[in-house]
Amino acid sequence: MALIATLLVYLAAERVYRLRPHPLLNPVGLAVLALVVGIKLSGYPLERYQRETLPLVWLLKPAVVALGWAAWRERGRLAGRLRPFLGGLFAGSLASLTLTPLIARALGAGPELQKALALKSVTSAVTVDLAPRLGVNAELAVPLIILAGILGAAFGPWLLDRMGAVDPLARGTALGTASHGIGTARAAEEGPLALAASGLAMAAAGLVTALLAPPVFALLGLSGG
């Protein structure tokens, strides 16, 4: 029941967004909000909802792999611009790992929240496996990741427009690195090159973060616990 309801709510949110494509009507954000309100008002047990929607969680990993096909189709254009892609990928991943926890610390957040926020640019399918290895609470990190994805997909293109970033590769790399799967879904609206760059950046950001997180956490004093 919960699985069918989730799919129907998302399809309805997608329909609303297509009728009125506004950043605040991002279909993922709208669907999440509707489901949270629906579960709260109906009293539907959260544990039962999680159990009944496990197939959607399982599909996250093959969905990430499937994005490799989009990158393969655009391999010619991607290969010719590897340096700017890698530059954007490493800059975005490192900024998330360092600046996000530092800002959270300045605002009074504790170490657990700082570490969870540091992983905000890693797709949730990877975070579920990566977080325990880094001493990060996955149950705290995943909702923050989803929120980062929703906000990035909703306002990322608007911000890129204001910055004058019109190149599809640059836009795709930014959305994939900062907003993972939800941002990649938004990048798909901007063309095949943006989709390919975003999907590749989303996957690569997980690897870059896994490699850089231990030394960065140690440098920031977050490696304990």
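Residues numbered from 1 in each chain as written. Predicted model: local features only at pLDDT ≥ 70, side-chain atom pairs only at ≥ 80, totals over all residues. Heavy atoms only, no water.

1. Observations regarding the overall build of the protein chain
In terms of helices and strands, the protein chain carries 12 helices and 0 strands. When its helices and strands are written in sequence order, the protein chain yields α-α-α-α-α-α-α-α-α-α-α-α. Its C-alpha atoms give the protein chain a radius of gyration of 18 Å, within 12% of the compact-globule value 17 Å for 225 residues. Across its three principal directions, the C-alpha atoms of the protein chain cover 50 × 45 × 30 Å. Looking at the protein chain as a whole, 40% of its 225 residues are labelled buried. (Helix = DSSP H or I, 4+ residues; strand = E, 2+ residues; numbered from the N terminus. Rg over C-alpha atoms; globule rule 2.2 N^0.38 Å. Buried < 20%, exposed > 50% of the residue type's maximum accessible area, 1.4 Å probe, protein only.)

2. Digging into the packing of helix α8 (residues 111-118) against helix α10 (residues 138-162)
For the pair α8 and α10, the least separation of the axes is 8 Å and the interaxial angle reads 50°. Taken together, the axes of α8 and α10 lie oblique to each other. With respect to the hand of their crossing, α8 and α10 are arranged in right-handed fashion. When α8 is examined against α10, the residues Glu 112, Leu 113, Ala 116 and Leu 117 are found in contact with a partner set consisting of Leu 140, Ala 141 and Leu 144. Within the contact of α8 with α10, the residues separate by chemical class into 6 nonpolar, no polar and 1 charged. (Axes fitted to C-alpha atoms, helices over the stretch in contact; angles between N-to-C directions. Parallel < 35°, antiparallel > 145°, perpendicular 65-115°, else oblique. Left-handed = near helix turned anticlockwise from the far one by under 90°. Contact = heavy atoms within 4.5 Å. Nonpolar A, V, L, I, M, F, W, Y, C, P; charged D, E, K, R; others polar.)

3. Looking at the pattern of salt bridges
Evaluation of the coordinates by the stated rule reveals 9 salt bridges. Between Arg 77 and Glu 74 there is a salt bridge whose closest N-O contact spans 2.7 Å. Overall, the relative accessible area of 14% leaves Glu 74 in the buried class. The partner of Glu 189 in a salt bridge is Arg 186, and the shortest N-O contact between them spans 3.5 Å. The class for Glu 189 is partly exposed, based on a relative accessible area of 49%. (Salt bridge = Lys/Arg side-chain N within 4 Å of Asp/Glu carboxyl O.)

4. Some details on the side chain of Glu 74
Relative to the assigned elements, Glu 74 resides in the loop between α5 (60-73) and α6 (75-79). If we ignore the near neighbours within four places in the chain, the residues touching Glu 74 are Pro 192, Leu 193 and Ala 196.

5. Thoughts on the nonpolar core
Side chains of a nonpolar character, in soluble globular proteins, are inclined to be buried together. Counting residues in each nonpolar core, the largest one holds 20 residues, and the members touching the most others are Leu 97, Ala 116, Leu 119, Ala 131, Leu 134, Val 136 and Phe 217. Secondary-structure elements contributing two or more residues to this core are α7 (82-106), α8, α9 (124-133), α10 and α12 (192-220). Broken down by element, this core gets its largest block of residues, 4 residues, from α12. Apart from the residues lying within four places of it in its own chain, the contact partners of Val 136 are Lys 115, Ala 116, Leu 119, Ala 131, Ala 141 and Phe 217. Phe 85, Leu 169, Leu 193 and Ala 197 belong to the second largest nonpolar core, which has 12 residues in total. (Core = buried A, V, L, I, M, F, W, Y, C linked by side-chain atoms within 4.5 Å.)

6. Here we look at unusual backbone geometry
Not every positive phi belongs to a glycine, and His 180 is a case in point at roughly 40°. Checked against the element boundaries, His 180 lands in helix α11 (residues 168-187). The class for His 180 is buried, based on a relative accessible area of 3%.

7. Points about α8
The complete set of buried residues in α8 reads Gln 114, Lys 115, Ala 116, Leu 117 and Ala 118. Close packing links the buried residues of α8 with α7, α10 and α12.

8. Quick word on the packing of α10 against α11
Running from N to C, α10 and α11 cross one another at 130°; their axes reach a closest spacing of 7 Å. Viewed along their axes, α10 and α11 adopt a mutual orientation that is oblique. As α10 runs across α11, the sense of the crossing is left-handed. Taking contact as the criterion, the partners of Ile 145, Ile 146, Ala 148, Gly 149, Ile 150, Gly 152, Ala 153, Gly 156, Pro 157, Leu 160 and Asp 161 in α10 are, on α11, Arg 171, Ala 174, Leu 175, Ser 179, His 180, Ile 182, Gly 183 and Arg 186. Its residues placed into classes, the contact of α10 with α11 shows 10 nonpolar, 6 polar and 3 charged.

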